[in-house]
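Spelled out, the chains give:
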Amino acid sequence: MNTAADHASPLAPEWLAVPADLNALQEPMWASGVGKNDAGEITVEGLSVSELKERFGTPLFVMSESDFRSRARAFKDAFDAAFADICGGVDVYYAGKSFLCTAVASWVAEEGLRLDTCSGGELAVAARAGIEGSNLGLHGNNKSDAEINRALDMSLGRIVVDSIDELERVAKIASSRGEVAKVMLRLTPGVHAHTHEFIATAHEDQKFGLSMAEDSTEEAGLSAAEEAVAAATSYASIELLGLHCHIGSQIFEPDGFAVAAEKLLGFLAAMQAKYSIVMPELDLGGGYGIAYTPVDTPRPPAEIAEAMAAVVRSKCAELGITPPRISIEPGRAIVGSTTFTLYEVGTLKTVRVDAPESEDGQKNVTYPRRYVSVDGGMSDNARPVLYDADYSAILASRDSDATPQLSRVVGKHCESGDIVVRDVYLPADVAAGDLLAVPGTGAYCWALSSNYNYLARPGVVAVRDGAARLIVRGETEEDLLNRDMGVANV
Ligand SMILES: *Cc1c(COP(=O)(O)O)cnc(C)c1O
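Remember, it's a predicted structure, so these values are computed and weren't measured experimentally.

### Let's talk about the overall build of the protein chain
Part 1 of the reasoning: Assigned secondary structure in the protein chain consists of 12 helices and 23 strands.
Part 2 of the reasoning: Taking 2.2 N^0.38 as the reference for a compact globule, 490 residues should give roughly 23 Å; the C-alpha atoms of the protein chain span a radius of gyration of 25 Å, in line with that estimate.
Part 3 of the reasoning: Across the 490 residues in the protein chain, those meeting the buried criterion constitute 53%.
Part 4 of the reasoning: Nonlocal contacts in the protein chain, meaning residues at least 24 apart in sequence, comprise 71% of its contacts between residues at least 6 apart.
Part 5 of the reasoning: About 21,000 Å² of surface is accessible on the protein chain, with carbon and sulfur atoms providing 49% of the total.

The following block contains the structure:
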């Protein structure tokens, strides 16, 4: 009898194993409430993908509202518990840039979280959803005067200032309005975390934030970060709430967060002493990793929270300071796994590819790679093109007994790089009309979607208590032509 491993392709990346059961949903890539029915179809709280396709068409983002709410609560509860004795709990800001519409903004507020925005447009969504300004933050390295004014109009809880330039602009605008702007300073602590490791560097060569390196200004021994603290304390129109950092995304190990927290607390203590000020808040950013493929192993929020709390507790004791109120900004860790994209399979082809170089002496040997085209692509998921991001996929509309075949799921755009899932084992009998589901597409997929090739952007359906409703409708051909001013426009 053949085992799964007998179907392994030498073309597959090392991390990709042949699943023991091609029909099984592999944890932890899927939202809670996603399962399979007797017909072998994927279901969300009992709703089958064929029903969803029938009602809403494909491609379609299928989001579990129940799962979103429970992940949001899980972060809030875990961090509140871990930090209760340190600073009475944690303010969790959902990073709206990962996925935002008015329905999601309202869920965030109902679950007791706050919302991070980074543009006037995102503030407009928050306002439409009725989110209180005091529960909003505004990021961005190049906020316009209009955006700063809008933030002040909405009495925002915090504006996260990114540079000395911007600090001056915020101070000037607030002053001209006779108001005081609540400001955090975004620092770059020289800690960059990526997935399984982090690197520490003294110097920062990136557009975000104020450098903490001591020679980062022309004045000897003065960092850009300190210059900003000194300036902020000198403006009557600025209330300096504290410091902020965000060290990266898709991070699994808490070590990078811990090192960043220690550096920021040390700096906060030094500045408080030197300038006789109190900075009551510290924001440690987002970036908590999720499972895009079966080899990704995200930690439960409680584990990350406890590791971070231990560091904050001991560092504040060592420095002899009152711990600041901590905030965090998870985006993908809340929304990423709540959603899968449902596609319909169209054309298929198989190419033969030379054996990888590692196969010594295997000259003139070729192996098959199957291309499975779906009805979306880089316009609904730009992450593989932008970041070489890996995803996974499963046949969603039926079970199959066919053998596993190394496949590449591609879109329908006029780009050879238009890849949805670079490498995945799918049943060999996948055919036109089948539905495929790609899990983990809640974050930075719809948010980054485009109309490339005049494809209509897909809708987003939310499922809760076994019922589905559109929270963002899909675009129509009329939407696509709406802004075209026409041939005879004079
Ligand atoms: C993108 C971003 C986040 C969220 O990152 P995730 O990886 O989605 O958790 C949080 N804070 C800031 C400042 C960001 O730019």
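### Re a nonpolar patch on the surface
Part 1 of the reasoning: Taken together, Leu386, Tyr387 and Leu448 make up a surface patch of nonpolar side chains, about 300 Å² in accessible area.
Part 2 of the reasoning: Mapping Leu448 onto the fold places it in the loop between β21 (435-439) and β22 (459-464).
Part 3 of the reasoning: Classification of Leu448 by relative accessible area gives partly exposed; the value is 33%.

### Regarding the environment of Val278
Part 1 of the reasoning: One can find Val278 in the loop between α8 (255-275) and β14 (281-283).
Part 2 of the reasoning: For Val278, a relative accessible area of 65% corresponds to the exposed category.
Part 3 of the reasoning: Sequence-wise, Val278 and Ala225 are 53 residues apart; in three dimensions their C-alpha atoms are separated by 16 Å.
Part 4 of the reasoning: When neighbours within four sequence positions are excluded, Val278 is seen to be in contact with Leu240 and Gln272.

### Let's talk about the domain arrangement of the protein chain
Part 1 of the reasoning: Assigned domains of the protein chain: these are domain 1 (4-64 + 337-482) and domain 2 (89-330).
Part 2 of the reasoning: At the interface, 21 residues of domain 1 touch 16 residues of domain 2.
Part 3 of the reasoning: Summing both sides of the interface, domain 1 and domain 2 together bury roughly 1,700 Å²; the carbon and sulfur share of this comes to 69%.
Part 4 of the reasoning: There are 0 salt bridges connecting domain 1 and domain 2.
Part 5 of the reasoning: In this structure, the connection of domain 1 to domain 2 is made through 2 residue pairs in polar contact (both at pLDDT 80 or more).

### Things to note about the environment of Ala72
Part 1 of the reasoning: Structurally, the position occupied by Ala72 is in helix α2 (residues 65-87).
Part 2 of the reasoning: Judged by relative accessible area, Ala72 falls into the buried class, the value being 0%.

### Quick word on the site of the ligand
Part 1 of the reasoning: Lys97, Ser249, Gly287, Glu329 and Tyr444 are the nearest of the 14 residues found near the ligand.
Part 2 of the reasoning: Contact between the ligand and Gly287: an oxygen atom at 2.8 Å from a main-chain N or O atom of the residue.
Part 3 of the reasoning: Separating an oxygen atom of the ligand from a side-chain N or O atom of Tyr444 is a distance of 2.6 Å.
Part 4 of the reasoning: Within the complex, the protein chains bury 92% of what would otherwise be the 390 Å² of accessible surface of the ligand.
Part 5 of the reasoning: Grouping the amino acids of the shell around the ligand by side-chain chemistry returns 3 nonpolar, 7 polar and 4 charged.

### Points about the packing of aromatic side chains
Part 1 of the reasoning: Tallied over the full model, the rule gives 10 aromatic pairs.
Part 2 of the reasoning: Geometrically, the ring pair formed by Phe68 and Trp107 is edge-to-face, given 5.3 Å between the ring centres and 65 degrees between the ring planes. One end of the pair, Phe68, is in helix α2; the other, Trp107, is in helix α3 (residues 102-110), and 39 residues separate them in sequence. Across the pair, Trp107 and Phe68 agree in class, each one buried.

### Let's talk about helix α9 (residues 301-319)
Part 1 of the reasoning: In this model α9 runs 27 Å from its N-terminal to its C-terminal C-alpha over 19 residues, within 8% of the 27 Å that 1.5 Å per residue would give.
Part 2 of the reasoning: Among the residues making up α9, those that are buried are Ile304, Ala305, Met308, Ala309, Val311, Val312, Lys315 and Cys316. Down the axis of α9, the smallest arc covering the buried residues is 165 degrees, so these residues share one side. With respect to the buried face of α9, the exposed residues turned more than 90 degrees away are Glu306, Ala317 and Glu318.
Part 3 of the reasoning: As for α9, its buried residues are in contact with α2, α8 and β15 (325-328).

### What about the pairing of β15?
Part 1 of the reasoning: Looking at chain direction, strand β5 (residues 90-95) and β15 are connected through 3 bridges and run parallel. Across the sheet, the residue bridging to Val92 is Ile328, located in β15.
Part 2 of the reasoning: Judged from the 3 bridges that link them, β14 and β15 form a sheet pairing that is parallel. Paired with Glu281 across the strands is Arg325, a residue of β15.
Part 3 of the reasoning: Viewed along the sheet, the connection from β14 through α9 into β15 turns out right-handed.

### With respect to the layout of surface pockets
Space left empty within the atom packing is revealed by a probe, the size of a water molecule, rolled over the atoms.
Part 1 of the reasoning: In this model, the largest pocket occupies a volume close to 1,200 Å³.
Part 2 of the reasoning: Every residue lining the largest pocket is counted, 50 residues in all, and those nearest its centre are His246, Gly248, Ser249, Gln250 and Arg332.
Part 3 of the reasoning: Only β6 (114-117), β9 (181-188), β10 (191-194) and α11 (383-387) provide two or more residues apiece to the lining of the largest pocket.
Part 4 of the reasoning: Examining the composition of the lining of the largest pocket, we find that 4 residues originate from one element, β10, more than from any other.
Part 5 of the reasoning: Grouping the amino acids of the lining of the largest pocket by side-chain chemistry returns 17 nonpolar, 21 polar and 12 charged.
Part 6 of the reasoning: A domain split of the lining of the largest pocket shows at least three residues from each of domain 1 (4-64 + 337-482) and domain 2 (89-330).
Part 7 of the reasoning: Taken as a whole, the second largest pocket encloses approximately 350 Å³ of empty space.
Part 8 of the reasoning: Of all the secondary-structure elements, those providing two or more residues to the lining of the second largest pocket are α2 and α9.
Part 9 of the reasoning: By residue number, the principal contributor to the lining of the second largest pocket is α2, which donates 3 residues.
Part 10 of the reasoning: Its residues assigned to classes, the lining of the second largest pocket shows 14 nonpolar, 3 polar and 3 charged.

### Describing the sheet that holds strand β2 (residues 42-44)
Part 1 of the reasoning: Taken together, 3 strands build an open sheet; the order of strands is β1-β2-β3 and the sheet is antiparallel. Of all strands in the sheet, those bounded by a partner on one side alone are β1 (34-36) and β3 (47-48).
Part 2 of the reasoning: Bridging between β2 and β3 involves 2 bridges; their strand directions are antiparallel. Residue pairing for β3: Thr43 is matched across the bridge by Ser48.

Basis of the calculations
- Residues numbered from 1 in each chain as written.
- Predicted model: local features only at pLDDT ≥ 70, side-chain atom pairs only at ≥ 80, totals over all residues.
- Heavy atoms only, no water.
- Helix = DSSP H or I, 4+ residues; strand = E, 2+ residues; numbered from the N terminus.
- Rg over C-alpha atoms; globule rule 2.2 N^0.38 Å.
- Buried < 20%, exposed > 50% of the residue type's maximum accessible area, 1.4 Å probe, protein only.
- Contact = heavy atoms within 4.5 Å.
- Areas by Shrake-Rupley, 256 points an atom, 1.4 Å probe, with all protein chains shown as cover.
- Patch = residues over 30% accessible without salt bridge, like charges linked within 9 Å, V, L, I, M, F, W, Y side chains within 5 Å.
- Salt bridge = Lys/Arg side-chain N within 4 Å of Asp/Glu carboxyl O.
- Domains from an automatic or database assignment.
- Buried area = accessible area lost by both parts, 1.4 Å probe.
- Polar contact = N/O pair within 3.5 Å; in protein donor to acceptor, adjacent residues only side chain to side chain.
- Near = heavy atom within 4 Å.
- Nonpolar A, V, L, I, M, F, W, Y, C, P; charged D, E, K, R; others polar.
- Phe/Tyr/Trp six-rings, centres within 6.5 Å; stacked < 30°, edge-to-face > 60°.
- Expected span 1.5 Å × (residues − 1).
- Arc of directions from axis to C-beta.
- Pairing = 2+ DSSP bridges.
- Right-handed = clockwise from strand over helix to strand, strands pointing away.
- 1 Å grid on protein atoms, 1.4 Å probe; cavity = no way out; pocket = protein on both sides within 12 Å on 5 of 7 lines; lining within 4 Å.
- Points joined across faces, edges and corners; volume = space filled by probe spheres on them.

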